[in-house]
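Overview (structure and organization)
Residue strings, one per chain:
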Amino acid sequence: MPAEPKKIVPKGLADYLDVMSKSVFQTGMSWKVVENKWPGTQVAFSGFEPGVIAHFTDKEVDQLAGDTRIIRNRRKIQATVQNARQMLEMEDEHGTFRDYLRSHGSFDATVADLRKRFKFVGEMGAFHFLYVIGEEVPSYEDWCASRGVKPATE
């Protein structure tokens, strides 16, 4: 993992969606490119307010796919819309999104469910997401070792 990501204390569902979406957009991309584009991405995605993004139309997705402020990957844009919908559903079902995350009993079960429910969230994306939002995760080195992968370096 490049420079250690800054942890946050989520103040609302938009914070969770922001961090998850950053993990989605970072997949297969330079972290520096994503960092440089993220302020524009936050504006383009209405501050990652799930209630707004969940109602984006195909026309709005088309507009975002042409917006130079963001990484213009249509599948990741569509995933962000779907993830907003899923996040709202999980919050409705569990009371809070945090309660949803903590309903699994273990890190691995949480990762498995995130990967099942949310688009473009893989092993590393789930680890990054949970780490940044302050959920309990193994050390990066232990996580890599448990998956038989070599830790990334800058």
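Attention in this report is confined to the structure presented alongside it. (Residues numbered from 1 in each chain as written. Predicted model: local features only at pLDDT ≥ 70, side-chain atom pairs only at ≥ 80, totals over all residues. Heavy atoms only, no water.)

1. Re the overall build of the chain
As a reminder of what qualifies: Here a helix means four or more residues in a row that DSSP labels H or I, a strand means two or more in a row labelled E, and each is numbered from the N terminus. The globule rule is 2.2 Å times the number of residues to the power 0.38, and the radius of gyration it is compared with is taken over C-alpha atoms. With a 1.4 Å probe rolled over the protein chains alone, any residue whose accessible area is under 20% of its type maximum counts as buried; one over 50% counts as exposed, and the rest are partly exposed. Only heavy atoms matter for contacts: two residues are in contact if any of them lie within 4.5 Å across the pair. Accessible areas in this description were obtained via Shrake-Rupley with a 1.4 Å probe; residue shielding takes into account the shown protein chains only.
Check the secondary structure of the chain and you find nine helices and zero strands. What you see in the chain, going N to C, is helices and strands ordered as α-α-α-α-α-α-α-α-α. For 154 residues, the compact-globule estimate of 2.2 N^0.38 gives 15 Å, and the chain sits close to it at 15 Å. Structurally, the chain occupies a C-alpha span of about 45 × 40 × 25 Å along its principal axes. Across the 154 residues in the chain, those meeting the buried criterion constitute 42%. Within the chain, residue pairs in contact and separated by at least 24 positions form 60% of the contacts whose partners lie at least 6 positions apart. Total accessible area on the chain stands at roughly 8,300 Å², and carbon and sulfur atoms take up 49% of it.

2. Description of the packing of aromatic side chains
Note the following rule: For Phe, Tyr and Trp, rings pair up if their centres lie within 6.5 Å, where Trp contributes its six-membered ring, and each pair is then called stacked (planes under 30 degrees apart), edge-to-face (over 60) or tilted (otherwise).
Here the structure, examined in full by the defined rule, presents 16 aromatic pairs. Pairing Phe 97 with Tyr 100 gives two aromatic rings, centres 5.2 Å apart and planes at 45°, and the pair type is tilted. With Phe 97 and Tyr 100 both in helix H6 (residues 97-101) and three residues apart, the pair spans about one turn of that helix. When its relative accessible area of 1% is taken as the criterion, Tyr 100 is described as buried. Between Tyr 140 and Trp 143, the ring centres sit 6.3 Å apart and the planes meet at 20°, which makes this aromatic pair stacked. Note that Tyr 140 and Trp 143 are positioned in helix H9 (residues 140-146) at a spacing of three residues, about one turn of the helix. For Tyr 140, a relative accessible area of 15% gives the class buried. Residue class for Trp 143 comes out buried when judged on its relative accessible area of 4%. Here the aromatic cluster, defined as three or more aromatic residues joined through ring pairs, consists of Tyr 16, Phe 97, Tyr 100, Phe 118 and Phe 129.

3. Points about the environment of Met 90
Turning to its location among the elements, Met 90 is positioned in helix H5 (residues 74-94). Taking the C-alpha atoms as reference points, Met 90 and Leu 101, separated by 11 residues in sequence, lie 9.1 Å from one another. Excluding its chain neighbours within four sequence positions, the residues that come into contact with Met 90 are Gly 95, Thr 96, Phe 97, Tyr 100, Arg 117 and Phe 118.

4. What about the side chain of Asn 83?
Inspection of the secondary structure assignment puts Asn 83 in helix H5. Contacts of Asn 83, omitting those with residues within four sequence positions, involve Leu 17, Met 20, Val 24, Phe 118 and Lys 119.

5. Here we look at the nonpolar core
The following threshold applies: Residues enter a nonpolar core if they are buried and are Ala, Val, Leu, Ile, Met, Phe, Trp, Tyr or Cys, with the set joined through side-chain atoms within 4.5 Å.
Core analysis: the biggest nonpolar cluster contains 43 residues, and Phe 45, Phe 97, Leu 101, Leu 114, Phe 118 and Phe 129 have the highest contact counts within it. Where this core is concerned, the elements lending two or more residues are helix H1 (13-26), helix H2 (31-44), helix H4 (58-65), H5, H6, helix H7 (107-117), helix H8 (123-132) and H9. The dominant element in this core, judged by the number of residues it contributes, is H1, at seven residues. With residues up to four places along the chain from it excluded, the contact list for Phe 97 reads Leu 13, Tyr 16, Met 87, Met 90, Glu 91, Phe 118 and Phe 129.

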